[in-house]
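Examination of the molecular architecture
These are the residues of each chain, in order.
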Amino acid sequence: VISGVAKFQKEVYPNKKATFQKLANGQNPEVLFITCSDSRIDPNLVTQTDPGELFICRNAGNIVPPHSNQTGGMTASIEFAVAALGVTHIVV
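A brief report on the enclosed structure follows. (Residues numbered from 1 in each chain as written. Predicted model: local features only at pLDDT ≥ 70, side-chain atom pairs only at ≥ 80, totals over all residues. Heavy atoms only, no water.)

1. Regarding the sheet that holds strand 1 (residues 31-36)
- The 3 strands are arranged 2-1-3 in an open sheet whose pairing can be described as parallel. Both edges of this open sheet fall to strand 2 (54-59) and strand 3 (89-91), since each of them pairs with a single strand only. Sheet twist, expressed as the average angle between the axes of neighbouring strands with direction ignored, equals 15°.
- Bridging between strand 1 and strand 2 involves 6 bridges; their strand directions are parallel. (Pairing = 2+ DSSP bridges. Helix = DSSP H or I, 4+ residues; strand = E, 2+ residues; numbered from the N terminus. Axes fitted to C-alpha atoms, helices over the stretch in contact; angles between N-to-C directions.)

Right under this line is the structure:
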């Protein structure tokens, strides 16, 4: 993990510096992508998207609880994605 971070800092970030500088000012994803927290799944790799293109929520079994008055992590994330970020598509 540490060597991966070092490689990112040395090789990846410099090539995508403009992208990360733009993202530092905010995000504007069109898609909320709800997926399993399984370590074998990489949503950006599967969808061939770049940082900032997906708002990603992960949990065991990609469970979306029914709407209720009690908020939890997934419920709050969905509300934030739709109300604050204005995502137009939700993929589970």
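2. So, the packing of aromatic side chains
- A complete count under the given rule lists 4 aromatic pairs for this structure.
- The interplanar angle of 80° and the centroid separation of 5.6 Å between the aromatic rings of Phe8 and Phe20 together place this pair among those described as edge-to-face. Taken together, the residues span a long stretch of sequence, with Phe8 in helix 1 (residues 2-15) and Phe20 in helix 2 (residues 17-23) at a distance of 12 residues.
- Their ring planes at 50° and their centres at 5.7 Å tell us that Phe55 and Phe80 sit as a pair that is tilted. Of this pair, Phe55 sits in strand 2 while Phe80 is found in helix 4 (residues 73-84), placing the two residues 25 residues apart along the sequence.
- Taking the relative accessible area as the measure of exposure, Phe55 reaches 15% and is therefore buried.
- By way of ring pairs, the aromatic residues Phe8, Tyr13 and Phe20 are connected into one cluster. (Phe/Tyr/Trp six-rings, centres within 6.5 Å; stacked < 30°, edge-to-face > 60°. Buried < 20%, exposed > 50% of the residue type's maximum accessible area, 1.4 Å probe, protein only.)

3. Regarding the environment of Asn15
- Relative to the assigned elements, Asn15 resides in helix 1.
- Given a relative accessible area of 69%, Asn15 falls into the exposed group.
- In terms of polar contacts, Asn15 uses its side chain to reach the backbone carbonyl oxygen of Glu11, at 2.9 Å. (Polar contact = N/O pair within 3.5 Å; in protein donor to acceptor, adjacent residues only side chain to side chain.)

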